[in-house]
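Coordinates in review
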Amino acid sequence: WVKGHDVGEQELSLWEWTVDNEGALYTSIVPGVVSSSSAHTAVSFDPADHRVIVTNGPHKVTFWTWESFQLKPYNPVLSKRDGGVLQSSTLISSIFLPDTTLAVTSTTSGDLILWDAVPQQERQEDEDDDPANVPEFVDTNPLKSMVKSIRLSEGQISFLGTTMDKYLVVAGEDGCVRFYDFSLRIMAWYEDLNAGPVTSVSFASNAPSSIDDSASDFVCPDFVVGTSTSYIIGVECSLFQEIEPENRRGAVLVQGIGDHAPCIAAHPTMDRLVIGVADGTLQLWDFMTRTLLMVQDLMSEGGVKQRPQSCQFDASGRALALGMTSGMLKVSDPDSLQEMASFANGDMPITTIRFSPDSSWLAYADTANYVYVLNFAIVEEAPQPEDDDASAERSAPTATWNYVGRIKSHTKAITGLEFTVREDGRLAMVSVAEDRTLVEYDLSEATPETGIKLRGEPTKIEQVAIPTACMWHPLLGGDFEDRVVTANNEFKFKQWNADNKSCRRTSLCPTYGGPLTSLQTIPAINPERNQFGPSPYVVYSTAEKVIGIVKIPFDGNPHKAMGLIAHPTAISSITVSGDGRFVMSAGGEDRCVNIWQISTGTLDRKYEEAAAKAEGLGSAEMYSELIDEETKNDLIDFFYYAQLRTQGEDSMEERKITGLVALSELPNLVRSLGYYPSEEECAAMIAEVYYAKFTETGETCDTIDLDTFIKLYVNHRGIFGTSKSEIEDAFANLGAGDGRFSWGKLVEMLKSKGEAITEEDLKNIMKALTGGGEGMNPATLMDAGVFSDKILGFDEENGEGVEEAKAFDETGLTDLQV
């Protein structure tokens with residue numbers, strides 16, 4: 001067991017694992033290790049004598065013995081020439097050769113270093129060794145020195161092993177597995193595996209396999225080979241006798257993902273899953289049988305390797321679109337993966353691809369913030385007369401994808417692009433981006449001649465938050481308007497009317513693992529039409545680790561959402577099976593695609609149990625657990641005080657406590673609780689309550705009750721407090737070149753920029769913050785630190801806020817720190 005320390009030291013510990021001891025049997029400092037870059041990374045016992053160990057770092061080999069009830073290290077004697085060999089390449093691993101005094105070390109350059117016993121005479125003549133530092137090694141393993149270095153491979157030797165106690169097995173970057181005797185004479189070689197660089201070899205046993213060919217002098221156990229391209233190959237010893245190279249390749253036992261997977265897509269009608277791999281391959285899997293059906297190399301016409309970045313099936317399952325890092329879009333046959341059409345209209349990576357519900361339109365976005373549109377149309381080819389025969393027949397019309405155009409509709413990264421069919425049957429497409437705008441496209445006017453046109457001006461949907469994902473709200477029972485749902489980096493869902501782009505509702509979204517980056521509805525069978533349609537459940541993923549389910553309507557209820565850790569790091573892509581039974585997630589760098597079974601019933605039961613405890617479905621009690629007891633009591637007190645204000649604080653008339661507060665009091669209520677929304681956010685809150693039932697009953701509401709206010713407050717308030725770093729960013733955005741400007745300039749900007757503050761309001765604010773209404777000397781220089789400490793009076797640990805969130809999974813509560 002090799003353990004590293006932050007201070008640069010490293011320990012080697014020996015454990016007697018068959019005895020129940022608290023600590024290690026022996027522990028010693030590894031000599032020569034001063035940092036992580038020189039730490040030893042390989043350790044091996046001598047099979048002939050377990051009292052002897054060898055370890056190695058990148059440029060040093062150390063032998064150990066624990067015969068004298070302690071671990072004693074010994075660095076081999078090296079000449080200047082030998083030391084140069086060790087420094088010229090990086091050492092990988094070291095092992096002992098059974099029943100000999102030999103040890104070998106592999107290197108990144110393909111060399112094998114051989115160590116053997118130091119003759120007694122040479123040991124006595126060596127004047128450099130301090131006798132106090134040289135352990136008395138046992139007779140079977142005397143002190144070692146470097147004998148020679150021999151080149152065995154054209155690349156790194158990644159694996160060293162022995163088998164049958166007489167063969168040294170060498171494998172590595174060249175993709176070959178070779179067998180040597182202990183005199184380093186080659187005995188057999190397996191060089192036609194064609195599976196990529198070898199990382200490991202494992203033998204079935206230490207006994208040779210039976211071979212019918214008695215003429216063979218070489219026998220060994222059958223073995224399996226693992227490669228860096230995620231292949232596991234089964235190799236029979238007898239393959240060495242085969243003549244033809246294709247017969248010497250072994251059997252593919254497992255083919256995994258050879259590189260990180262930036263994109264996946266599920267077939268809408270079949271149990272098929274496409275995985276785009278960054279090494280330039282496309283894999284087609286049957287996800288029910290876990291069978292790899294096909295692998296396609298993605299090449300352009302010039303023979304250049306194309307690397308996929310995004311992929312998507314159309315709704316009918318007749319086309320598969322692939323977006324490349326080069327900016328090329330390929331449309332392929334989903335069964336054969338053969339290319340049907342390709343378009344190279346951009347040169348930046350394609351991040352998002354979407355098909356329209358009727359599969360007649362295709363849109364995609366790239367990192368240059370362009371949106372591209374194609375349509376599937378009938379093309380009638382012109383006649384091709386031969387020998388000027390005017391009667392030549394016209395070719396039959398064909399259907400193909402046609403490029404319509406592109407438009408740079410955003411100034412920052414596009415985070416969402418979605419199609420839908422509106423309630424009136426019109427096809428609609430929208431996009432959102434980090435520039436905080438929502439854009440709708442007029443596809444009815446889009447032609448190759450006119451290009452793509454917008455349906456109205458882009459709508460600014462955020463003041464501070466950044467949209468991270470979007471979706472069309474499915475039209476379920478009781479819905480009477482089309483809405484676009486956006487998620488932002490402040491953990492809020494916002495629902496926007498598709499016509500006037502007004503905000504209909506703001507609600508808390510799941511807070512597990514960072515902002516939501518993908519939203520996909522889960523299909524459900526429609527018994528009336530006997531086909532799949534939308535369900536009230538949505539699958540989401542975050543940028544880091546987490547996927548989950550949230551139930552519509554989006555109202556911020558914490559019992560209607562769950563999340564679980566799906567991958568150790570970032571999630572690159574998710575997709576839902578066409579029947580809604582499974583969700584697949586790709587972990588990107590972990591080279592792993594996970595398949596998760598969806599169980600919406602579990603989420604429903606948790607919600608019903610919480611509703612029963614809260615004495616009624618939809619009770620504010622389920623929301624009040626998101627606020628502490630002190631805030632809850634203040635909220636109730638302020639709410640009843642607001643009723644008194646409505647009647648007049650000095651009124652002598654009989655008080656009528658109706659349980660309702662005028663919507664005009666909402667801004668004062670939330671600000672009294674420490675949440676300070678902008679005027680635009682206040683207007684959105686009031687409009688949300690005012691029009692809450694308008695689409696259902698046609699009536700508006702100009703008052704709010706306590707339960708509704710609790711829900712409104714929990715959903716609108718910020719998840720995190722304002723940090724000092726955010727104030728520093730704000731100063732930078734205001735144009736503080738060196739991080740500061742005068743108080744007079746700051747006051748002028750507060751009065752004239754954004755939601756301007758009046759002179760009287762500014763005096764009242766300064767009086768509340770500092771006790772004086774005049775502020776500071778206009779010439780006083782102000783930076784973010786002074787402003788937050790002296791003006792705002794921040795008292796914040798470490799300058800940052802930390803929010804604890806609870807994530808629900810099927811086994812109970814899991815605490816996650818966001």
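Up top is the structure these notes are about.
Below: a short report on this structure.

Reading the values: the criteria
Residues numbered from 1 in each chain as written. Predicted model: local features only at pLDDT ≥ 70, side-chain atom pairs only at ≥ 80, totals over all residues. Heavy atoms only, no water. Helix = DSSP H or I, 4+ residues; strand = E, 2+ residues; numbered from the N terminus. Buried < 20%, exposed > 50% of the residue type's maximum accessible area, 1.4 Å probe, protein only. Contact = heavy atoms within 4.5 Å. Areas by Shrake-Rupley, 256 points an atom, 1.4 Å probe, with all protein chains shown as cover. Pairing = 2+ DSSP bridges. Core = buried A, V, L, I, M, F, W, Y, C linked by side-chain atoms within 4.5 Å. Axes fitted to C-alpha atoms, helices over the stretch in contact; angles between N-to-C directions. Disulfide = S-S within 2.5 Å. Salt bridge = Lys/Arg side-chain N within 4 Å of Asp/Glu carboxyl O.

**Considering the overall build of the chain**
Along its length, the chain carries 13 helices and 53 strands. For the chain, with 818 residues in total, the buried portion stands at 45%. For the chain, the share of sequence-separated contacts (at least 6 apart) that also reach a separation of at least 24 residues comes to 50%. Summing over all exposed atoms, the chain offers an accessible surface of approximately 41,000 Å²; the carbon and sulfur share of this is 48%.

**Regarding the pairing of strand S35 (residues 451–454)**
Note that strand S34 (residues 437–447) and S35 share three bridges and pair antiparallel. Opposite Thr-447, over in S35, you have Gly-451 as the bridge partner. Following S34, the chain reverses through three residues before pairing antiparallel with S35.

**Some words on the nonpolar core**
Judged by nonpolar contacts, the single largest core of 23 residues is most densely connected at Val-177, Phe-179, Tyr-190, Val-201, Phe-218, Phe-223 and Val-225. Among the elements of the structure, strand S13 (167–172), strand S14 (177–180), strand S15 (186–190), strand S16 (198–203), strand S17 (223–227) and strand S18 (231–235) are those that each provide at least two residues to this core. If near-sequence neighbours (up to four positions away) are discounted, Val-225 is found in contact with Val-177, Leu-193, Val-198, Ser-200, Val-201, Tyr-231, Ile-232, Ile-233 and Val-235. Membership of the second largest hydrophobic core comes to 22 residues, among which are Leu-635, Val-661, Leu-669 and Ile-710.

**Regarding unusual backbone geometry**
Negative phi characterises most residues that are not glycine, and trans characterises most peptide bonds. Between Ile-552 and the following residue, Pro-553, the backbone shows a cis peptide bond with an omega angle of 5°. Examined against the element boundaries, Pro-553 turns out to sit in the loop between strand S43 (544–551) and strand S44 (561–570). We note that Lys-501 has phi near 60°; this positive angle belongs to a residue other than glycine. Residue placement: Lys-501 occurs in the loop between strand S39 (492–497) and strand S40 (503–508). For Lys-501, a relative accessible area of 12% gives the class buried.

**Observations concerning the sheet that holds strand S11 (residues 144–151)**
The strand order across the open sheet built from four strands is S8-S9-S10-S11, with neighbouring strands paired in antiparallel fashion. Each edge of the sheet is formed by a strand with only one pairing partner; in this case those strands are strand S8 (91–96) and S11. In this sheet, neighbouring strand axes are inclined to one another by 20° on average, regardless of whether the strands run parallel or antiparallel.

**Considering the state of the cysteines**
One pass over the full model with this rule turns up zero disulfides. Not engaged in a disulfide, the cysteine Cys-311 finds its nearest cysteine sulfur in Cys-263; these two sulfurs lie 3.6 Å apart.

**Structural notes on the pattern of salt bridges**
Going through the model one piece at a time under the given rule, you end up with 20 salt bridges. With a closest N to O distance of 3.1 Å, Glu-462 and Lys-494 form a salt bridge. Linking Glu-462 in the loop between strand S36 (459–460) and strand S37 (467–472) with Lys-494 in strand S39, this pair joins segments that are 32 residues apart in sequence. Taking relative accessible area as the criterion, Lys-494 reaches 12% and is therefore assigned buried. Lys-751 is the partner of Glu-759 in a salt bridge, and the nearest nitrogen-oxygen pair spans 2.1 Å. Among the residues examined, Lys-751 registers a relative accessible area of 29% and is labelled partly exposed. When salt bridges that share partners are traced, they join Asp-174, Arg-178 and Glu-191 into one network.

Interpretation in functional terms is not warranted from these geometric data alone.
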